[in-house]
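Descriptive analysis of the structure
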Amino acid sequence: MLILGIESSCDETGIGLYDTDAQRLLAHRVHSQIALHALYGGVVPELASRDHVRRIVPLYRETLAAAGVAPADIAGVGYTCGPGLAGALLVGAAFAESLAAGLGVPALPIHHLEGHLLSPLLSADPPRFPFVALLVSGGHTQLMRVEGVGHYTLLGETVDDAAGEAFDKTAKLLGLDYPGGPVLARLADGGSPGRFKLPRPMIHSGDLQMSFSGLKTAVLTTTQSAGWTTEDAADLAAEFQEAVTEVLVSKSLAALRETGLRTLVVAGGVGANRRLRASLDAHAQKRRFRVHYPELEYCSDNGAMIALAAGLRFAAGKYGKRDGRIAVRPRWPLAELQMPA
Ligand code: KG4
Ligand code: ZN
């Protein structure tokens, strides 16, 4: 079965094509709106929706051409139904439901985080179920126990800002360009942690809850202290990155201990962070667990992971009956996402 996946929840338009029989991705294309929003220092929802409208059909055609596939070969269409920006989601949903109706194939709403969660399965050396997933994106920071497709248990999450959000807000405080996270990470890689001292919020809380909003306040206080100059920014960025990394690593290790599992999967945009990867790799080697990351191109938002999640659900034959209505869920707790029996 060839399954098309469509992603439009935020500032990337993504299309992917997954073959459930060969269990491999045939092609995918992403268009990032970074240049469009850079001028405004952040995502402008209305502009995002309009750009998705402009890009989605050409990207769909490009993806099919790259795979050498005709529309009539598509057996099902999966699309991100939430969480995300309502207008942006509606573009993908309307296109997906209309395309599916036109082709006479089923359409399947997919949870954006399920896409991220399963994205490491696209790699050459995929993880085996069950595993612990550390989901670290711009909107979410969660530890999940993943038993199989559609079987997720929330172990812990941030009580305030997501890790990516903390990166973005701190970057803004330091006067860095949007999108701040990767820019801050690059600056941090050239600095030394330890010269400035930032807290490791909730690291000793004894549970798997996290908190990142206090870090940006601590960064702000540091930049307002006497003697601060912009030349200190790299060292402060390095300390910030270290603080986030230490908390994420410590909580991930605790989740592995608590569940008795020996496989950790890291997904979402912050999963691209090199310091986080290096630290997790070092701990994995010492403590003998395996850690899997999606390839970098599947870390940020893309249609490939949505095609994969939809493909796995279609292949299992376990999806509810749909009425073709176009509806999105801008807020959609992942915990509600159990596979229908
Ligand atoms: O998963 P994603 O592409 O979109 C969401 O679903 O949110 O994640 C985007 C987030 C942003 O907050 C971005 O700043 C962050 O991931 N990010 C990074 C890095 N690359 C992207 N944060 C830290 N280090 C990076 N290298
Ligand atoms: Zn995402």
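Residues numbered from 1 in each chain as written. Chains lettered and ligands numbered in written order. Predicted model: local features only at pLDDT ≥ 70, side-chain atom pairs only at ≥ 80, totals over all residues. Heavy atoms only, no water.

As for the site of ligand 1
Taken together, 19 residues lie near ligand 1, and G138, D168, G181, G269 and N273 sit nearest. Contacts to ligand 1 include D168, whose side-chain N or O atom sits 2.5 Å from an oxygen atom. The separation between an oxygen atom of ligand 1 and a polar main-chain atom of G181 is 3.3 Å. Against a free-state accessible area of 550 Å², the protein chains account for coverage of 83% of ligand 1. For the shell around ligand 1, the secondary structure elements donating two or more residues are α4 (112–118), α5 (163–173) and α6 (180–189). For the shell around ligand 1, the residue count by class is 6 nonpolar, 11 polar and 2 charged. Residue-level mapping places the shell around ligand 1 at the junction of two domains, with at least three residues from each of domain 1 (2–117 + 298–336) and domain 2 (124–293). (Near = heavy atom within 4 Å. Polar contact = N/O pair within 3.5 Å; in protein donor to acceptor, adjacent residues only side chain to side chain. Areas by Shrake-Rupley, 256 points an atom, 1.4 Å probe, with all protein chains shown as cover. Helix = DSSP H or I, 4+ residues; strand = E, 2+ residues; numbered from the N terminus. Nonpolar A, V, L, I, M, F, W, Y, C, P; charged D, E, K, R; others polar. Domains from an automatic or database assignment.)

Some details on the sheet that holds strand β7 (residues 141–148)
What the 5 strands build is an open sheet, ordered β8-β7-β6-β9-β10; its pairing is mixed. Across the chains shown, the open sheet's two edge strands, defined by having one partner strand only, are β8 (151–157) and β10 (290–292). This sheet shows a mean twist of 25° between the axes of neighbouring strands, independent of strand direction. Bridging between β7 and β8 involves 6 bridges; their strand directions are antiparallel. Across the sheet, the residue bridging to R145 is T153, located in β8. This element, helix α8 (residues 233–259), spans β6 (131–136), β7, β8 and β9 (263–267) of the sheet and lies at about 155° to β6. (Pairing = 2+ DSSP bridges. Axes fitted to C-alpha atoms, helices over the stretch in contact; angles between N-to-C directions. Contact = heavy atoms within 4.5 Å.)

Section: the side chain of Q33
With respect to the helices, strands and loops of the structure, Q33 is situated in the loop between β3 (24–32) and α1 (34–38). Taking relative accessible area as the criterion, Q33 reaches 1% and is therefore assigned buried. Engagement of the side chain of Q33 in a polar contact is seen with the side chain of H37, the distance being 2.8 Å. Of note is the side chain of Q33, whose polar atom sits 3.2 Å from the backbone oxygen of A48. Among all residues touching Q33, those that are not within four sequence positions of it are C10, D11, T13, A48, D51 and H52. (Buried < 20%, exposed > 50% of the residue type's maximum accessible area, 1.4 Å probe, protein only.)

Overview of the nonpolar core
Grouped together as the largest cluster of nonpolar side chains are 54 residues, with contacts concentrated most on L4, I6, Y60, V77, L117, M144 and Y152. It is helix α11 (residues 304–316) that contributes the most residues to this core, 8 residues altogether. In this structure, this core is formed jointly by two domains, domain 1 (2–117 + 298–336) and domain 2 (124–293), each of which donates at least three residues. With sequence-adjacent residues up to four places away left out, I6 is seen in contact with G14, I15, I56, V77, G78, Y79, T80, G92, F95, A96 and I306. (Core = buried A, V, L, I, M, F, W, Y, C linked by side-chain atoms within 4.5 Å.)

Describing the domain arrangement of the protein
Here the domain parsing of the protein yields domain 1 (2–117 + 298–336) and domain 2 (124–293). When each unit is reduced to the centre of its C-alpha atoms, the spacing between domain 1 and domain 2 is 27 Å. Taken together, the contacts link 16 residues of domain 1 with 21 residues of domain 2. Summing both sides of the interface, domain 1 and domain 2 together bury roughly 1500 Å²; the carbon and sulfur share of this comes to 73%. A per-residue breakdown of the area domain 1 buries against domain 2 is headed by L113, L117 and C299, which together make up 40% of the total. Run the count over domain 1 and domain 2 and you get 0 salt bridges. Across the contact surface, domain 1 and domain 2 share 4 residue pairs in polar contact (both at pLDDT 80 or more). The set of elements that each furnish at least two residues to the side of domain 1 that touches domain 2 consists of α1, α4 and α11. Sort the elements by how many residues they give to the side of domain 1 that touches domain 2 and α4 lands first, with 4 residues. By residue class, the composition of the side of domain 1 that touches domain 2 is 9 nonpolar, 4 polar and 3 charged. (Buried area = accessible area lost by both parts, 1.4 Å probe. Salt bridge = Lys/Arg side-chain N within 4 Å of Asp/Glu carboxyl O.)

A look at the sheet that holds strand β2 (residues 12–19)
The strands making up a sheet are joined through hydrogen bonds of the backbone, oriented either antiparallel or parallel. Taken together, 5 strands build an open sheet; the order of strands is β3-β2-β1-β4-β5 and the sheet is mixed. Across the chains shown, the open sheet's two edge strands, defined by having one partner strand only, are β3 and β5 (107–111). Across the sheet, the mean angle separating the axes of adjacent strands is 20° when strand polarity is ignored. Relative to β5, strand β4 (residues 74–82) runs parallel, the two being bridged by 5 bridges. Note on β5: the bridge partner recorded for V77 is A107. Running at roughly 160° to β4, helix α3 (residues 86–103) makes contact with β1 (2–7), β4 and β5 of the sheet.

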